[in-house]
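# Summary of the model geometry
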Amino acid sequence: GVLWLAHVVACLWFAVGRLAYTDTGRHWLDSIAVKEGDGAEEFRHGAPMYQYFVSLHWAAGQITLGAIDIMPTNSCERAFFVVSMFCGFFFGSTLVS
């Protein structure tokens, strides 16, 4: 159940970062660099498996209220972030009670 939810949220987070309208001209995918040899490659052009696990890491952080250093860079991403965070609050509070 939780793993499936994390997978779905990860896929949605990646889709928002790749396809959603941006009012700032940036997406969260642009703010991460992957070290490649002597230089760095944009996350958006990285290996699909790495992209998936970074997105899954972010989703797991939202569900469990953990901290992660990936932050939204435009309004659509921020709205998705807030909704995910509140869902994480709800999930965490129902688990505790």
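Refer to the structure above for everything that follows.
Residues numbered from 1 in each chain as written. Predicted model: local features only at pLDDT ≥ 70, side-chain atom pairs only at ≥ 80, totals over all residues. Heavy atoms only, no water.

### Observations regarding the pattern of salt bridges
Going by this rule: Any carboxyl oxygen of Asp or Glu within 4 Å of a side-chain nitrogen of Lys or Arg constitutes a salt bridge here. For helices the rule is a DSSP run of H or I covering at least 4 residues; for strands it is a run of E covering at least 2, with both sets numbered from the N terminus onward. The cut-offs for exposure are 20% and 50% of the maximum accessible area for each residue type, with area from a 1.4 Å probe on protein chains only; residues under the lower value are buried, those over the upper are exposed, and the others partly exposed.
Taken as a whole and assessed by the stated rule, the structure comprises 1 salt bridge. In this structure, Asp 30 engages Arg 44 in a salt bridge whose closest nitrogen and oxygen atoms are separated by 3.0 Å. A residue pair is termed long-range when its members are at least 10 positions apart, and Asp 30 in the loop between helix H1 (2–19) and strand S1 (33–36) and Arg 44 in the loop between strand S2 (39–42) and helix H2 (48–63) qualify at 14 residues. With a relative accessible area of 24%, Asp 30 lands in the partly exposed category.

### Considerations on helix H3 (residues 75–96)
Our working definition: By this rule, a helix spans an expected 1.5 Å times one less than how many residues it contains. Throughout, the arc means that of the directions going from the helix axis to the C-beta atoms. Pairs of N or O atoms within 3.5 Å make up the polar contacts considered here, provided that, within protein, one atom can donate a hydrogen while the other can accept it, and that residues adjacent in sequence are counted only when both atoms are side-chain atoms.
Between the first and last C-alpha of H3 there are 31 Å, a value that for 22 residues agrees with the 32 Å anticipated at 1.5 Å per step. Taken together, the buried positions of H3 are Glu 77, Phe 80, Phe 81, Ser 84 and Gly 88. Angularly, the buried residues of H3 cover 100° about the axis, an arc narrow enough to put them on a single face. Turned more than 90 degrees away from the buried face of H3 sit Val 83, Phe 86 and Phe 90, all of them exposed. The residue sitting at the N-terminus of H3 and contributing the capping side-chain oxygen is Asn 74; that oxygen lies 3.1 Å from the backbone nitrogen of Cys 76.

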